[in-house]
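Descriptive structure summary
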Amino acid sequence: MDMGELDARLKMSADSGERLERIRELLVNQSNKNRFAISCDGEKQERKPTAGAYAAGNKGGVSILEVHDVSIRYITGDFKDIGLKEYLVRRLQNNYHVNEFWADRNISFTLEKGDMLGIIGTNGAGKSTLLKVISGIMEPTGGWVKREGSIAALLELASGFDGDLTVRENAYLRGAMLGYTRKFMDEKYGQIIEFAELQEFQDRPFKQLSSGMKSRLAFSIASLVEPDILILDEVLSVGDGAFRRKSESKMREIIAGGATTILVSHSLQQVREMCTRVLWLHKGEQIEFGGDVQGICSRYAKFLDEKQR
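Summarised in this report is the structure supplied together with it. Being a predicted model, the structure only gives us computed values, none of them experimental.

A few words on the packing of aromatic side chains. In the structure shown here, the tally under the stated rule is eight aromatic pairs. Aromatic pair Y74 and F101: ring centres 6.5 Å apart, planes at 15°, arrangement stacked. Taken as a pair, Y74 in strand β3 (residues 63-76) and F101 in strand β4 (residues 99-112) lie far apart in primary sequence, 27 residues in all. The class of Y74 is partly exposed, set by a relative accessible area of 30%. For F101, a relative accessible area of 48% gives the class partly exposed. For the pair F161 and F206, a centre-to-centre distance of 4.5 Å together with 25° between the ring planes defines the contact as stacked.

Okay, structure coming up:
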C-alpha cells in the first residue's frame, strides 16, 4: 500500500483516536509480512530467515548478520523506463539497449551481537544501497543476507511519515510499519516523545515540524523500540549539538544492551569513537573490513587527502 492510498483512507476517519486505530488496521497485514515482528504482548518474536544458509566455517561468537558476496545491479534504459511503445519502436529499428550499473560488487562481512559497524566511503560508494539490501527493502542481484532478530532501519528520515497527520499519529504509523503492536506503542510512546523533545508538538501536523524535529522523532522511534539490529544512514549528524550528543549516548546504551548497529557516516571522528568494526567501500567495491577501526579510518583519511590534491 502506498502513502497516497493510505492518506485517502485515513481522511475518511473523523477524529484522532479513530485515525490511530485506522492506521493500525490498515498496516497490520503489511507489518505481519515483515520477517520479524512483535507479539501481541509486546515481546519480540523471531521468524525464520529466508535468505541464504549459514556461512560454512564461521568461528567465534554467534553471528547475527551475515552478508555473503552481495552484488546489486541497476538497469537503466529498459522498457520500464521508456514505455512499451518506445520499446517496440526501438526494437524494430534495432536501436534498443540497456545499461547496467553495479552499485555494489561482492560485499561480504559478518557481525556478532553487540557489534557496531561503521560504513565509510565517498558519495557513490554504494553505502545506502547496501543498507537497503541488509534491511530487506531490496533483493540483491547476487549473493545473500542472513539476519537474526528484529530490524529497525533509518535510511531516509522523511520516509514513512504523512505530513497531514499529527506527530502523535505519525509515531504510531511508523511503529506499525516497523511491525509493533498498538499495545507496545502505547507503552513506548511517552518515552519516544520525551526523547525526541516534542512534548509540545504532539498534536501539530507533521509538516509543520522542522527537518531537525522530524529527524529526532524518526531516530527516537527506531532506537527506543529496542531492535536487535539498528541501521542508521547519516542520522546522528542531524539536530543541534546537544541532541547529537544525546543520540550518541543512546547508541552506546543500545550497544551495551547487546544490539548490533550499522552506522553510515561521513564523520570519521564519530566512527572512530563509536564503532567496533569498519567497512570501507569505494565505487561499489569492498576495500577493507575489520576490527582495526583506527587503522582503517587512518588509511581512508589518507586516501581522501590524496584525492583532494
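The discussion continues.
Right, let's talk about unusual backbone geometry for a bit. You will see that E197, though not glycine, has its phi angle at about 60°, which is positive. The topology assignment puts E197 in the loop between α7 (182-196) and α8 (211-224). Since its relative accessible area comes to 37%, E197 is described here as partly exposed. Non-glycine residue K283 carries a positive phi angle of around 50°.

Attention shifts here to the pattern of salt bridges. Under the defined criterion, the tally for this structure stands at nine salt bridges. We note a salt bridge from E100 to R73, for which the minimum N-O separation is 3.3 Å. Placement of the pair is E100 in strand β4 and R73 in strand β3, with a sequence separation of 27 residues. Here R73 falls in the partly exposed class, since its relative accessible area comes to 32%. Put simply, D203 and R168 hold a salt bridge, and the shortest N to O gap is 3.3 Å. Here D203, found in the loop between α7 and α8, pairs with R168, found in helix α6 (residues 167-177); they are 35 residues apart in sequence, far enough to count as distant. Overlapping salt bridges bring together E288, D292 and R299 as one network.

Conventions and cut-offs
Residues numbered from 1 in each chain as written. Predicted model: local features only at pLDDT ≥ 70, side-chain atom pairs only at ≥ 80, totals over all residues. Heavy atoms only, no water. Phe/Tyr/Trp six-rings, centres within 6.5 Å; stacked < 30°, edge-to-face > 60°. Helix = DSSP H or I, 4+ residues; strand = E, 2+ residues; numbered from the N terminus. Buried < 20%, exposed > 50% of the residue type's maximum accessible area, 1.4 Å probe, protein only. Salt bridge = Lys/Arg side-chain N within 4 Å of Asp/Glu carboxyl O.

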